[in-house]
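Spelled out, the chains give:
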Amino acid sequence: MTVAGSPAVTTNVGRPFLGGRRFSLDWVGAVPYLAYVGLFLILPSVIIGIGALLDANNAFTLDNFRNLSRSYVVKATIDTTVLSAITAFLGAVFGALLAYAIVTGSPNGILRRLTISASGVLAQFGGVTLAFAFIASIGPAGFVYLFAQAHGFDFYKQDLWLFEIPGLDLVYLYFQIPLMVLVFLPALDGIKPQWREAAESLGGNTWHYWRHVAGPLLFPAFLGSVLLLFANAFSAYATANALINQGQPVLAQQIAGALSSEVGAYEPGFAKAIAIEMIIIVTLVTVLYTLLQRRTARWL
Amino acid sequence: MTERSGVEVRLENLVRRYGTVTALDGLSLTLAPGELVALLGPSGCGKTTALRLLAGLEEANDGRVVIGGKDVTGLPANRRNIGMVFQAYSLFPHMVAWENVAFGLQMRHVGVDERKKRALDMLELVGLGRFANRYASQMSGGQQQRVALARALAIQPQVLLLDEPLSALDAKVRSRLRDEIRRVQLEVGITTLFVTHDQEEALAIADRVGVMQAGKLEQLGPPTLVYSRPATPFVADFVGLTNRMEGTVRRGAVEIRGASIPLVHPDVPDGPAIALVRPEAVALASDGDMQEGPLVGTVIAVAFLGAVSRVTVDLGDTTVLVQVPTSAASQHPAGTRVRLELRPDPVLIQREEAVPAAS
Ligand SMILES: Nc1ncnc2c1ncn2[C@@H]1O[C@H](COP(=O)(O)OP(=O)(O)O)[C@@H](O)[C@H]1O
Ligand SMILES: [Mg+2]
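Residues numbered from 1 in each chain as written. Chains lettered and ligands numbered in written order. Predicted model: local features only at pLDDT ≥ 70, side-chain atom pairs only at ≥ 80, totals over all residues. Heavy atoms only, no water.

On to the overall build of chain B. Per the secondary structure count, chain B includes nine helices and 20 strands. Taking the contacts inside chain B whose residues are at least 6 apart along the sequence as the reference set, 67% of them involve residues at least 24 apart. Approximately 15800 Å² of chain B is accessible, and the part contributed by carbon and sulfur atoms is 50%. The averaged location of the 40 negative side-chain charges in chain B is 7 Å from the averaged location of its 38 positive side-chain charges. (Helix = DSSP H or I, 4+ residues; strand = E, 2+ residues; numbered from the N terminus. Contact = heavy atoms within 4.5 Å. Areas by Shrake-Rupley, 256 points an atom, 1.4 Å probe, with all protein chains shown as cover. Lys, Arg positive; Asp, Glu negative; His and termini not counted. Charge placed at Lys NZ, Arg CZ, Asp CG, Glu CD.)

For the rest of this paragraph, the subject is the overall build of chain A. Looking only at helices and strands, chain A has twelve helices and zero strands in total. Overall, chain A shows an N-to-C arrangement of helices and strands of α-α-α-α-α-α-α-α-α-α-α-α. Over its C-alpha atoms, taken along the principal directions, chain A stretches across nearly 70 × 65 × 30 Å. Counting only residues that meet the buried cut, chain A has 40% of its 300 residues in that class. Contacts in chain A between residues at least 24 apart in sequence constitute 70% of all its contacts with a sequence separation of at least 6. If you sum the accessible surface of chain A, you get close to 16800 Å²; carbon and sulfur atoms cover 68% of it. In chain A, which carries 16 positive and 14 negative side-chain charges, the distance between the mean positions of the two groups comes to 16 Å. (Buried < 20%, exposed > 50% of the residue type's maximum accessible area, 1.4 Å probe, protein only.)

Now for the pattern of salt bridges. All names here are of chain B. According to the stated counting rule, one finds 23 salt bridges over all chains in the structure shown. Measuring nitrogen to oxygen at the nearest pair gives 2.5 Å for the salt bridge that ties glutamate 35 to arginine 208. Within this pair, whereas glutamate 35 is found in the loop between β2 (21-31) and β3 (36-40), its partner arginine 208 is found in strand β9 (residues 208-213), the two being separated by 173 residues in sequence. Residue classification places glutamate 35 among the buried positions, given a relative accessible area of 8%. Its salt-bridge partner being glutamate 164, residue lysine 47 comes within 3.9 Å of it at the nearest N-O pair. Of the two residues, lysine 47 sits in helix α1 (residues 47-55) while glutamate 164 sits in the loop between β7 (159-163) and α5 (171-188), which places them 117 residues apart along the sequence. (Salt bridge = Lys/Arg side-chain N within 4 Å of Asp/Glu carboxyl O.)

The next point concerns the interface of chain B and chain A. Each side of the interface is counted separately: chain B has 25 residues, and chain A has 24 residues. When chain B packs against chain A, the two sides together hide about 2200 Å² of surface, and 65% of this comes from carbon and sulfur. Joining chain B to chain A, the criterion identifies one salt bridge. Inspection of the region where chain B meets chain A yields seven residue pairs in polar contact (both at pLDDT 80 or more). Counting only elements with at least two residues in the side of chain B that touches chain A, the list comes to β6 (82-85) and α2 (97-107) of chain B. At four residues, the largest contribution of residues to the side of chain B that touches chain A is made by α2 of chain B. A per-class count over the side of chain B that touches chain A returns 15 nonpolar, seven polar and three charged. (Buried area = accessible area lost by both parts, 1.4 Å probe. Polar contact = N/O pair within 3.5 Å; in protein donor to acceptor, adjacent residues only side chain to side chain. Nonpolar A, V, L, I, M, F, W, Y, C, P; charged D, E, K, R; others polar.)

Our focus in this paragraph is the packing of aromatic side chains. Residues and elements named next belong to chain A. The full count for this structure, using the stated rule, is 15 aromatic pairs over all chains. A ring pair is formed by phenylalanine 155 and tyrosine 156, whose centres lie 4.9 Å apart and whose planes are at 70 degrees; its orientation type is edge-to-face. The buried category is assigned to phenylalanine 155, whose relative accessible area is 18%. On the basis of relative accessibility, which here comes to 8%, the residue tyrosine 156 falls in the buried class. Where tyrosine 172 meets phenylalanine 175, the ring centres are 5.1 Å apart and the plane angle is 40 degrees; that geometry is what we call tilted. Of this pair, tyrosine 172 and phenylalanine 175 both sit in helix α7 (residues 165-189), three residues apart, which is roughly one turn of that helix. Owing to a relative accessible area of 0%, tyrosine 172 belongs among the buried residues under this scheme. (Phe/Tyr/Trp six-rings, centres within 6.5 Å; stacked < 30°, edge-to-face > 60°.)

Our focus in this paragraph is the pairing of β3 of chain B. Residues and elements named next belong to chain B. Counting buried positions along β3 yields five of five residues, so the element is predominantly enclosed. The alternating pattern of β3 places Leu36, Ala38 and Leu40 and Val37 and Leu39 on opposite faces, both of which are buried. As paired elements, β3 and β9 share four bridges and run parallel to each other. Within the sheet, the bridge partner assigned to alanine 38 lies in β9 and is valine 209. (Pairing = 2+ DSSP bridges.)

This part is about the packing of helix α3 (residues 71-104) of chain A against α7 of chain A. All names here are of chain A. Between α3 and α7, whose axes approach to 6 Å, the crossing angle comes to 45 degrees. With respect to α7, the element α3 is oriented oblique. The crossing of α3 and α7 is right-handed. Among the residues making up the contact of α3 with α7, the classes are represented as 22 nonpolar, four polar and three charged. (Axes fitted to C-alpha atoms, helices over the stretch in contact; angles between N-to-C directions. Parallel < 35°, antiparallel > 145°, perpendicular 65-115°, else oblique. Left-handed = near helix turned anticlockwise from the far one by under 90°.)

Let us look at the sheet that holds strand β1 (residues 9-18) of chain B. All names here are of chain B. Reading across from one edge, β2-β1-β4-β5 is the order of the four strands in this open sheet, with antiparallel pairing throughout. What marks the edges here is a single partner per strand, and that holds for β2 and β5 (70-71). Of the strand pairs in this sheet, β1 and strand β4 (residues 62-67) are connected by five bridges, and their pairing is antiparallel. Looking at β4, one finds that valine 9 is bridged to isoleucine 67. Across the face of the sheet, α1 comes into contact with β1, β2 and β4 while running at roughly 115 degrees to β1.

Now for the pairing of β9 of chain B. All names here are of chain B. Relative to strand β10 (residues 216-221), β9 runs antiparallel, the two being bridged by five bridges. Bridging from a neighbouring strand, valine 211 pairs with glutamine 219 of β10. Hairpin connection of β9 to β10: two residues between the antiparallel strands, including alanine 214 at a positive phi of 45 degrees.

Moving on: the site of ligand 1. Residue and element names in this part refer to chain B. Looking at ligand 1, the residues that line it are Tyr18, Val21, Ala23, Pro42, Ser43, Gly44, Cys45, Gly46, Lys47, Thr48 and Thr49. Within the backbone of lysine 47, one N or O atom sits 2.9 Å away from an oxygen atom of ligand 1. In this structure, an oxygen atom belonging to ligand 1 sits 2.6 Å away from a side-chain N or O atom of threonine 48. Coverage of ligand 1 by the protein amounts to 59% of the 560 Å² it exposes when considered alone. Among the elements that take part in the shell around ligand 1, α1 stands out by supplying three residues, more than any other. Grouping the amino acids of the shell around ligand 1 by side-chain chemistry returns five nonpolar, five polar and one charged. (Near = heavy atom within 4 Å.)

Here we come to the environment of leucine 146 of chain A. Along the polypeptide, leucine 146 of chain A turns up in helix α6 (residues 143-150). Here the alpha-carbon distance between leucine 146 of chain A and alanine 99 of chain A, two residues 47 residues apart in the chain, equals 33 Å.

Below, the structure is given as structure tokens:
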């Protein structure tokens, strides 16, 4: 997955000329990459895909995929996609703004170093720890909530949204924004000050600069970052699980549900079908991104 | 349409400070209409700052910028109508060459057909007509700088500014593009300020060369004059190679190893001094005593530079650089004894007490 490709100038290195040789050995260099992709990406996907086509007696079946139309799976699919899209978009916008604030500051300043280290930690901050931090602060017994409530602002009056999808929207932003800072910073650093000055001396103002220069240059990297954030939220399991333990509103939780015999039937084939569904959705988003990038970043 | 070329540009007593650093310390410089002035000086002497103040990319703490008789000191960069070429990597990477060149016209609301046509004309002018649809990443450094030049000129600016536009290129491309810039500048007739730290470049391209040190102009004059009659020891040192030879000032001349050389500034008190002697003011004697004498020494190195060669001669207590025609140098390979002759060109001197002041 290519994300946050710096828009800096790339050079096209020509292929070495192999005088008269009919067979090129160029592909040799790609072997480790292909082996890696095969072993860690394609092989597991194929195993899961095969498992999804088998029933309890290892006979071929399409039932597992048919079961994806169960209403709670459809709802989880929609909810997870929307949740991921919203937190990816908001996380990208706020993360990009934060990253921009950093690059406009001094390159070795304390603000920059502090924000980057903090983002490094916070981007990995998830699961039980993050959920607990929220419950302890703005949960129904959390000190922030109690304080706000005492001052006439009861943000749980309607419902306890923290333990529903809106709660996940908020909580996810706590790792989405820092992740955006980390992946978008290189792209911003690739923007050269000469470009702004050139635009200025050619008669452009700040708006022209963003509209015609910085905007188009950063857009592909921004898009790539949104995709990464989407995938990040889409596959998040621990945080959702720690915060919401009723109803399994997120797809990853549905996989866990289908694998545990406590709640209902133990359905390993169905769990694999859900996994395949997730893989397909992320793949679709990636393809969409690639097409968009090809249109927006012809110069790379 | 603005007046195309040939305006006078005046920098008056410009001061610019960054915290405790004074980058420009009262710089004054007037460029005649259509003139190309090269600002020459070591790194950090304030060349870029001067250029940026003129472009409006930086504000002066004091002083004025006057272009074509109009005070533009308070005008922002995007309203000064100044073309600028940066050191490197200034092309917009997501635009092909002609789009880059057309950018300034787009800012001036020129229609797309017209601006493409004019961009192509400009690319033609810099010899890159065939590269109109290339991205920066598909061009060499020299080609990118040509496009940058075309882009700067496309807006028909009143003034053209170039900040070390050749320093990122390799030697061969550098001299070719240097001549190319000069050709285009003469063709357009635009008043131009060219910043460089390379003395050869400055001398080759400029109508006048301004040598800067520590935020001030040390000397301003035609290349030949700056080279042959440096106004200060700093200029002598920075422009061209210089031998520092011990001597004694006596009645308006300096005696060096038995030879008497006139002084550029004869009104100095008698006493010991260091004379700054150009390598080409020293010759290798073809006859006379080659074994004994104050100016007799041993050749320790010969550097072949084409038509001329540079010979290093060890005089025992000091070494002297001599620049002579290669034919003359070839008669004196390393190890041979030679006698030097000092041509009576006026020289600058430096007094001992002035030396430590250099920082
Ligand atoms: N933005 C800046 N902030 C602080 N100091 C600066 C800045 N720009 C230039 N300087 C200082 O001003 C002096 C002149 O710089 P500059 O004009 O870039 O020199 P030159 O182009 O001749 O190498 C240097 O000492 C440099 O460190
Ligand atoms: Mg500079």
